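# Survey of secondary and tertiary structure
Chain by chain, the residues run as shown.
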Amino acid sequence: MTRYFNTEGSCNPKEHYMVKLDNRLERIKRLLVERKKYFVINRGRQYGKTTTLRALEKYLMDEYIVLSLDFQQLGTKDFADEATFSNAFADIMIRAFHINNTDDSEELLKPLSGIRAEGSIGLKDLFVRLSDVCRNSPRPMVLMIDEVDSASNNQVFVDFLAQLRSYYLYRDKMPIFHSVILAGVYSIKNLKLKLRQESEHQYNSPWNIAADFDIDMNFSAKQIAGMLEEYENDYQTGMNITAVAEEIYAYTSGYPVLVSLICKRIDEKIVGSEGYESPDIAWSKKGVEKAVTMILKENPLLFESMAKQLDTYEALHRITEDILYRGKRIPFSMEEKSIYLGVMFGFFKEENSHVAIANRMFEMCLLNMFMAKEAITSEVFSRGESDRFQFIRNNMLDMKLVLKKFVEYFNEIYSEKDGNFIEKYGRKFFLLYLKPIINGTGNYYLEAQTRDARRTDVIVDYRGEQFIVELKIWHGNEYNERGEEQLMDYLDY
């Protein structure tokens with residue numbers, strides 16, 4: 001079977017090109033599982049959580065009995081009450097056991113298999129039976145539950161976590177699972193958020209025993225290169241593996257599904273298309289840029305989810321706009337709810353003790369999202385749209401003319417505004433003017449950091465050319481000369 005780049009569901013190294021996870025699995029096993037930790041793999045959508053669990057399941061099988069459950073297998077009715085949940089949980093646990101264990105297990109699972117025949121039992125009785133199974137198990141038992149936040153609206157699951165916590169605290173007297181791994185987008189400490197009144201503290205948790213999971217799940221440029229090397233061995237494209245891997249990393253910061261999306265678009269849609277007739281042209285920096293443009297136009301599910309969360313949480317929307325439009329430097333603190341949510345959903349990261357957008361593609365997507373809403377009523381956008389034909393010459397962008405016309409228009413409309421207004425909205429107006437001009441052919445983004453932590457405003461990519469645009473409020477020639485020196489520093493960097 002020919003392998004391919006997968007973006008739907010978990011990855012299998014026999015079927016898909018994927019980054020090697022050996023180092024990640026070894027660290028999880030050594031630092032968490034072997035130390036009997038209960039922990040949560042809490043990451044944004046399509047972050048490789050399920051792929052990691054599947055790989056970890058195989059990695060641990062020789063030393064542990066691994067029970068891998070998925071709460072998406074349970075329906076809403078399965079959480080109706082303790083008895084219903086106990087029956088459903090016992091059923092999926094038995095099925096999980098039989099998948100990985102072919103030996104005679106009837107005697108070991110007898111405490112669970114008898115639940116349905118005996119009638120209704122509560123969580124207390126369920127855990128007595130789970131304890132019996134763990135006590136009699138020939139190897140330590142590891143419990144994995146994927147999509148755990150699909151149960152977040154159900155009180156019975158919160159009560160299940162409370163029982164699990166109680167057994168954890170007394171496991172020297174009441175045997176229970178050696179290690180428990182839960183995976184989902186929402187943190188366990190937020191599971192009560194939808195069950196409690198707003199007046200109650202949102203971080204009250206029935207499962208405060210969870211160890212920190214601080215293992216990096218982003219792919220490094222080196223790991224991406226390793227995946228591309230396997231592809232290159234199969235297809236001999238002649239690509240510069242290191243350069244392509246570094247360019248993919250520059251756009252994605254190693255966010256797993258974005259890495260796979262770029263590779264998939266190059267492999268399946270760009271190779272052989274107009275201008276990219278040979279694989280070595282497609283597998284290049286130019287090809288990566290083309291793939292990014294395609295993905296942003298397609299608006300994949302990950303971006304749809306991001307838009308939904310921004311619409312749901314007004315403060316998260318506001319802080320994201322402040323970072324993008326104003327370049328506002330916001331101190332990083334997980335105690336601030338909007339920052340916490342941004343990190344949990346995968347939008348934000350910490351960079352030099354400040355909040356930053358997690359990667360360049362998210363930044364570009366968010367800018368497009370905000371621009372689309374603004375464009376409906378924006379006079380600046382309309383002006384850029386009416387002016388756009390004069391800026392493309394021989395299929396290339398005349399950026400000098402773009403800037404000249406923008407300054408003329410800006411002075412015409414906003415010359416009477418004060419410095420605070422211009423500083424707050426200047427970047428937004430320029431992006432609104434620029435967007436219809438590049439019209440999906442080019443990309444723009446905000447350079448997050450330079451070596452000395454100063455920001456450059458806008459980077460524009462258009463058909464292989466790159467422009468660095470630094471927006472400044474005019475304060476006279478001396479200030480302008482310093483600005484030009486700063487811009488030269490950026491170019492050197």
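Here the structure is a predicted model, which is why all the values come from computation and not from measurement.

## Overview of the overall build of the protein chain
Along the backbone of the protein chain there are 20 helices and 11 strands. For the protein chain, the spread of C-alpha atoms along the principal axes amounts to about 85 × 60 × 35 Å. The proportion of buried residues among the 493 residues of the protein chain is 51%. Counting contacts in the protein chain only where the partners sit at least 6 residues apart, residues at least 24 apart contribute 69% of the total. When the accessible area of the protein chain is evaluated, it comes to approximately 24,100 Å², of which 45% is carbon and sulfur surface.

## Thoughts on a positive patch on the surface
A surface patch of positive charge is lined by Lys 286, Lys 290, Lys 297 and Arg 463. Tracing the backbone through its elements, the reader meets Arg 463 in the loop between β10 (458-462) and β11 (465-469). Judged by relative accessible area, which is 44%, Arg 463 ranks as partly exposed.

## What about the environment of Gly 442?
By the secondary structure assignment, Gly 442 is in the loop between α19 (419-438) and β9 (443-445). The class for Gly 442 is buried, based on a relative accessible area of 7%. With 23 residues separating them in the primary sequence, Gly 442 and Glu 465 have C-alpha atoms 9.4 Å apart.

## Let's talk about the packing of aromatic side chains
Applying the stated criterion to the full structure yields 30 aromatic pairs. Their ring planes at 45° and their centres at 4.3 Å tell us that Tyr 47 and Tyr 255 sit as a pair that is tilted. Here Tyr 47, found in the loop between β1 (38-42) and α2 (49-60), pairs with Tyr 255, found in the loop between α9 (241-252) and α10 (256-270); they are 208 residues apart in sequence, far enough to count as distant. Residues Tyr 47 and Tyr 255 agree in their burial class; the two are buried. Here Phe 406 and Phe 410 contribute two aromatic rings whose centre-to-centre distance is 5.6 Å and whose plane-to-plane angle is 40°, an arrangement assigned as tilted. With a gap of four residues between them, Phe 406 and Phe 410 both fall in helix α18 (residues 399-414), about one helical turn apart. Each member of the pair, Phe 406 together with Phe 410, is buried.

## Topic: helix α20 (residues 477-492)
An α-helical segment advances 3.6 residues per turn. Residues three or four places apart therefore align on the same side. Taking 1.5 Å per residue, 16 residues should reach 22 Å; α20 reaches 23 Å between its end C-alpha atoms and fits that length. Listed in full, the buried residues belonging to α20 are Gly 483, Gln 486 and Tyr 490. Angularly, the buried residues of α20 cover 60° about the axis, an arc narrow enough to put them on a single face. Opposite the buried face of α20, at more than 90 degrees from it, the exposed residues are Asn 477, Glu 478, Glu 485, Leu 491 and Asp 492.

## A short note on the sheet that holds β11
Ordered in space as β9-β10-β11, the three strands form an open sheet in which the pairing is antiparallel. Every interior strand has two partners, whereas the edge strands, β9 and β11, have only one. For this sheet, the mean angle separating the axes of adjacent strands, direction not counted, is 15°. Sitting on the sheet, helix α12 (residues 285-298) is in contact with β9 and β10, with an inclination near 85° to β9.

## Remarks on the environment of Tyr 276
With respect to the secondary-structure elements, Tyr 276 resides in the loop between α10 and α11 (279-282). Separated by 141 residues in the primary sequence, Tyr 276 and Arg 135 have C-alpha atoms spaced 62 Å apart. What Tyr 276 contacts, discounting residues up to four positions off in sequence, is Ile 270, Val 271, Ile 281, Ala 282, Lys 286, Gly 287 and Lys 290.

## As for unusual backbone geometry
We note that Asn 394 has phi near 55°; this positive angle belongs to a residue other than glycine. In this structure, Asn 394 sits in the loop between β7 (392-393) and β8 (396-397). One non-glycine residue, Arg 463, lies in positive phi territory at about 50°.

## Some thoughts on the pairing of β1
Across the five residues that make up β1, a large majority, five, are buried. Residues Tyr 38, Val 40 and Asn 42 of β1 are buried on one face, and the alternating residues Phe 39 and Ile 41, pointing to the opposite face, are buried as well. With five bridges joining them, β1 and strand β4 (residues 179-184) adopt parallel strand pairing. Each residue of the ladder has a partner; that of Asn 42, found in β4, is Gly 184.

## Considerations on the sheet that holds strand β2 (residues 65-70)
Reading across the sheet, the four strands line up as β1-β4-β3-β2 and stay open at both edges, with parallel pairing between neighbours. Pairing within the sheet leaves two strands with one partner each, and these edge strands are β1 and β2. Each strand of the sheet is rotated relative to its neighbour by a mean of 15°, with strand direction disregarded. Contacts from helix α3 (residues 82-100) reach β2 and β3 (141-146), with the element oriented near 130° to β2.

Cut-off values and rules
Residues numbered from 1 in each chain as written. Predicted model: local features only at pLDDT ≥ 70, side-chain atom pairs only at ≥ 80, totals over all residues. Heavy atoms only, no water. Helix = DSSP H or I, 4+ residues; strand = E, 2+ residues; numbered from the N terminus. Buried < 20%, exposed > 50% of the residue type's maximum accessible area, 1.4 Å probe, protein only. Contact = heavy atoms within 4.5 Å. Areas by Shrake-Rupley, 256 points an atom, 1.4 Å probe, with all protein chains shown as cover. Patch = residues over 30% accessible without salt bridge, like charges linked within 9 Å, V, L, I, M, F, W, Y side chains within 5 Å. Salt bridge = Lys/Arg side-chain N within 4 Å of Asp/Glu carboxyl O. Lys, Arg positive; Asp, Glu negative; His and termini not counted. Charge placed at Lys NZ, Arg CZ, Asp CG, Glu CD. Phe/Tyr/Trp six-rings, centres within 6.5 Å; stacked < 30°, edge-to-face > 60°. Expected span 1.5 Å × (residues − 1). Arc of directions from axis to C-beta. Pairing = 2+ DSSP bridges. Axes fitted to C-alpha atoms, helices over the stretch in contact; angles between N-to-C directions.

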